[in-house]
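Here is what each chain is made of, one letter per residue.
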Amino acid sequence: MRLATELRRLREAAGLNARQAAALLGVSPAQITHIESALAGVSEKRLRRLASHYACTDEEFVDALVAMATDRTRGWWEEYRGLLPTPFLDIAELEHHSTHRHDVEFLFIPGLLQTPGYARAAFSSRVPELPLDELELRVRHRMERQRLTVPYRAVIHEAALRIRLGDRAASRAQLAHVLQLSEADHITVRVIPFDLDGFGGTWTTMMLAGGAVPRLDTAVRDAPHGTAFVDSEAQLGVFRTLLHRVEGASLDPERSRDFIHRLAKEL
């Protein structure tokens, strides 16, 4: 879907319609429409020809598009196809191909830092309640997402650290889990305490997954009727600014670990 979106954007930026693009390749306009609707793939040769006709001179970007077009990865998430909603699979695939991840959470521990017990409690609060088998599938899927090995930065508000989805023991275990993971070389955890001066914040959950090049980054936001994937350059610019602002206002990693440790001792 992202490849299709980017090819359409390149064509439109070149001032060409689908019929004109098709003529340049010697194919039918319907084939261009299918490619730009993610209903058909595109070979490396044709993709590079299109990029040339569209006057795209960013070779690194074109190479990234080629990698997307020729990738035949069948990831672990495919075993959940038909069992979980499609956005769950899309998130896992996005993470698999990402070069870095950045999360901001105000009310929940980020999914990539959750214990099975915390994740189960979070999914159990859903209305209407999930069937037990689907609940357990969602927990297992979330735990498998934690295979992520690219640089990961999480900013967590104190509210998320204090809200108890389970009992004291479960909350203590969750905080200990965050502390343990924060010691990994590729994971950075920062905290926004309640008493931080001058923090207006954004007060909304944010996630940014880095692409092979910055223009292929993807932001993810929770929408009223599901997950929204944001990929326009203007909106990505807003997300990057907000993420930078929130991270800049948070405690540094060492002070954040001390803060979480103190909270755990209070339980």
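Right above here is the structure, for reference.
Here is a short report on the structure shown in this document. Values in this document were obtained by computation on a predicted structure and should not be read as measured data.

**Here we look at the overall build of the chain**
Move 1: For the chain, the count of helices and strands is twelve helices and six strands.
Move 2: With respect to the principal axes defined by its C-alpha atoms, the chain has extents near 70 × 45 × 30 Å.
Move 3: A total of 267 residues make up the chain; the buried ones form 45% of that total.
Move 4: Taking all contacts inside the chain whose residues are at least 6 apart in sequence as the whole, residues at least 24 apart take part in 73%.
Move 5: With the model as given, the accessible surface of the chain reaches about 14,100 Å², and the carbon-plus-sulfur share is 52%.
Move 6: Of the side-chain charges in the chain, 34 are positive and 36 negative, and the distance between the mean point of each set is 3 Å.

**So, the environment of Pro 214**
Move 1: Along the chain, the position of Pro 214 falls in the loop between strand E4 (206–209) and strand E5 (218–223).
Move 2: According to the relative accessible area criterion, Pro 214 is exposed, its value standing at 56%.
Move 3: The spacing of Pro 214 and Thr 99 is 115 residues in sequence and 9.9 Å in space, taken between C-alpha atoms.

**Observations concerning helix H5 (residues 59–70)**
Move 1: The terminal C-alpha atoms of H5, which comprises twelve residues, lie 16 Å apart, in line with the 16 Å expected from a rise of 1.5 Å per residue.
Move 2: Among all positions in H5, only Phe 61, Val 62, Ala 64, Leu 65, Val 66 and Ala 69 are buried.
Move 3: Residues of H5 that are buried make contact with helix H1 (2–13) and helix H4 (44–53).

**With respect to the packing of aromatic side chains**
Move 1: Under the defined criterion, the tally for this structure stands at three aromatic pairs.
Move 2: Where Phe 88 meets Phe 123, the ring centres are 6.4 Å apart and the plane angle is 35 degrees; that geometry is what we call tilted. Taken together, the residues span a long stretch of sequence, with Phe 88 in helix H6 (residues 86–97) and Phe 123 in helix H7 (residues 116–124) at a distance of 35 residues. Considered together, Phe 88 and Phe 123 belong to a single accessibility category, that of buried residues.
Move 3: Members of the aromatic cluster, each reached through a chain of ring pairs, are Trp 76, Trp 77 and Tyr 80.

**Quick word on unusual backbone geometry**
Move 1: For the bond running from Val 127 to Pro 128, omega is -5 degrees, close enough to zero to count as cis.
Move 2: Along the chain, Pro 128 turns up in the loop between H7 and helix H8 (132–145).
Move 3: Phi is positive for Ala 55, close to 60 degrees, though the residue is something other than glycine.
Move 4: Position of Ala 55 relative to the elements: it lies in the loop between H4 and H5.

**Some details on the pairing of strand E2 (residues 152–157)**
Move 1: Among the six residues that make up E2, five are buried, leaving the element largely enclosed by the rest of the structure.
Move 2: Relative to E2, strand E1 (residues 101–105) runs parallel, the two sharing five bridges. Residue Val 104 lies in a different strand from E2, and its bridge partner there is Val 155.

Thresholds applied
- Residues numbered from 1 in each chain as written.
- Predicted model: local features only at pLDDT ≥ 70, side-chain atom pairs only at ≥ 80, totals over all residues.
- Heavy atoms only, no water.
- Helix = DSSP H or I, 4+ residues; strand = E, 2+ residues; numbered from the N terminus.
- Buried < 20%, exposed > 50% of the residue type's maximum accessible area, 1.4 Å probe, protein only.
- Contact = heavy atoms within 4.5 Å.
- Areas by Shrake-Rupley, 256 points an atom, 1.4 Å probe, with all protein chains shown as cover.
- Lys, Arg positive; Asp, Glu negative; His and termini not counted.
- Charge placed at Lys NZ, Arg CZ, Asp CG, Glu CD.
- Expected span 1.5 Å × (residues − 1).
- Phe/Tyr/Trp six-rings, centres within 6.5 Å; stacked < 30°, edge-to-face > 60°.
- Pairing = 2+ DSSP bridges.

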